[in-house]
Amino acid sequence: MAKLLRAAVLGPPGSGKGTICKRIAQSFGLQYLSSGHFLREGIAANTEAGVLAKTYIDRGMLVPDQVMTRLMLPKLEQLRNHSWLLDGFPRTLTQAQALNSLYQMDLVISLNIPYETLKERLSDRWVHPASGRVYNMGFNPPRVQGKDDITGEPLIQHDDDKPEALMARLRHYKELAKPVIDLYKSQGVLHSFSGTETDKIWPYINSLLSTKMHTQPSGAHPTQVP
Ligand SMILES: Nc1nc2c(ncn2[C@@H]2O[C@H](COP(=O)(O)OP(=O)(O)O)[C@@H](O)[C@H]2O)c(=O)[nH]1
Ligand SMILES: Nc1ncnc2c1ncn2[C@@H]1O[C@H](COP(=O)(O)OP(=O)(O)O)[C@@H](O)[C@H]1O
């Protein structure tokens, strides 16, 4: 049997984390957990955490660490016997340390995408809020303009993808991501990918995952996988 894999994808807003995570989840059957999705779910349901989170997200700020760890860690607790893949968490060193105290990560993917590319992509990103399906008017447009492919419901643009919030988000990301990336580098689990196109990066990530899903923990004797 393939071993359980604990993985995360790091990258600035618009770097393609969601797009890549969906491909990984589909190809390798990992449980996919997106912090942004859970936050928006909380906002839509008017939960206490959701209402609080919205005040930060609307200003292009990160949600406080304690709110995030209380949101995300219990979800992982329910997935003890699954391989999982995190998108958007951890985003700060405090979050990474909280995660680290519970789980040893096996694989962390960091996406390096030029700023101009991020700006272009996000100004073109439209989502179907109920399902979290993401479209891009150039890269993966909906079949009918402005409508979700599956339900036909209207697509919206997140307030935090609008230019005012975007600059602040990218600045925050840079400052806070470095110590997180350094932590995973020091643990020997970091793999970085650079480029401007998800389709070009994807084959490398695909082959990395194929290797990882079929290897034993380091130190163990490799076994043949049928
Ligand atoms: N033009 C273009 N758009 C892309 C590419 N990869 C992802 N996108 C789009 O860029 C936007 C951001 O991608 P997403 O996966 O949501 O990034 P995240 O914010 O890191 O989760 C979405 O609208 C995607 O459809 C790409 O290679 N080229
Ligand atoms: N781990 C996190 N820590 C703090 N805030 C977060 C975290 N994940 C998501 N958020 C908040 O939710 C917003 C939307 O997140 P997400 O959907 O991951 O979008 P993006 O990848 O485009 O930033 C972020 O801009 C941030 O305000």
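Structure: above.
Please read these numbers as outputs of a predicted model, since none were measured by experiment.

Rules of the game
- Residues numbered from 1 in each chain as written.
- Chains lettered and ligands numbered in written order.
- Predicted model: local features only at pLDDT ≥ 70, side-chain atom pairs only at ≥ 80, totals over all residues.
- Heavy atoms only, no water.
- Salt bridge = Lys/Arg side-chain N within 4 Å of Asp/Glu carboxyl O.
- Helix = DSSP H or I, 4+ residues; strand = E, 2+ residues; numbered from the N terminus.
- Buried < 20%, exposed > 50% of the residue type's maximum accessible area, 1.4 Å probe, protein only.
- Core = buried A, V, L, I, M, F, W, Y, C linked by side-chain atoms within 4.5 Å.
- Contact = heavy atoms within 4.5 Å.
- Polar contact = N/O pair within 3.5 Å; in protein donor to acceptor, adjacent residues only side chain to side chain.

Draft legend 1. Quick look at the pattern of salt bridges. In this structure the tally under the stated criterion is 6 salt bridges. Here R23 and D199 are joined by a salt bridge, their closest N and O atoms 2.9 Å apart. Within this pair, whereas R23 is found in helix α1 (residues 17-28), its partner D199 is found in helix α8 (residues 198-213), the two being separated by 176 residues in sequence. Between K119 and E116 there is a salt bridge; the shortest N-O distance is 3.7 Å. In this pair, K119 and E116 both sit in helix α6 (residues 115-123), 3 residues apart, roughly one turn of the helix. A residue is classified by how much of its surface remains accessible, and K119, at 35% relative accessible area, is partly exposed.

Draft legend 2. Spatial organisation of the nonpolar core. If you look at the biggest cluster of nonpolar residues, it comprises 31 residues, and the most contacted ones within it are W84, L86, L99 and Y184. Of all the secondary structure elements, the ones that give two or more residues to this core are β1 (6-10), α2 (35-44), α3 (48-57), α4 (65-77), β3 (84-87), α5 (93-100) and α7 (163-186). The contact partners of Y184, leaving out residues within four places of it in the chain, are L10, P90, A96, L99, M105, V108, V189 and L190. Membership of the second largest hydrophobic core comes to 24 residues, among which are L5, I109, W202 and I205.

Draft legend 3. Examining the side chain of S83 more closely. Mapped onto the secondary structure, S83 falls in the loop between α4 and β3. Among the polar contacts listed, one links the side chain of S83 to the backbone nitrogen of L5, at a separation of 2.8 Å. Each residue touching S83, except ones within four places of it in the same chain, is listed here: K3, L4, L5, L30, Q31 and M213.

By themselves, these figures tell us nothing about what the structure is for.
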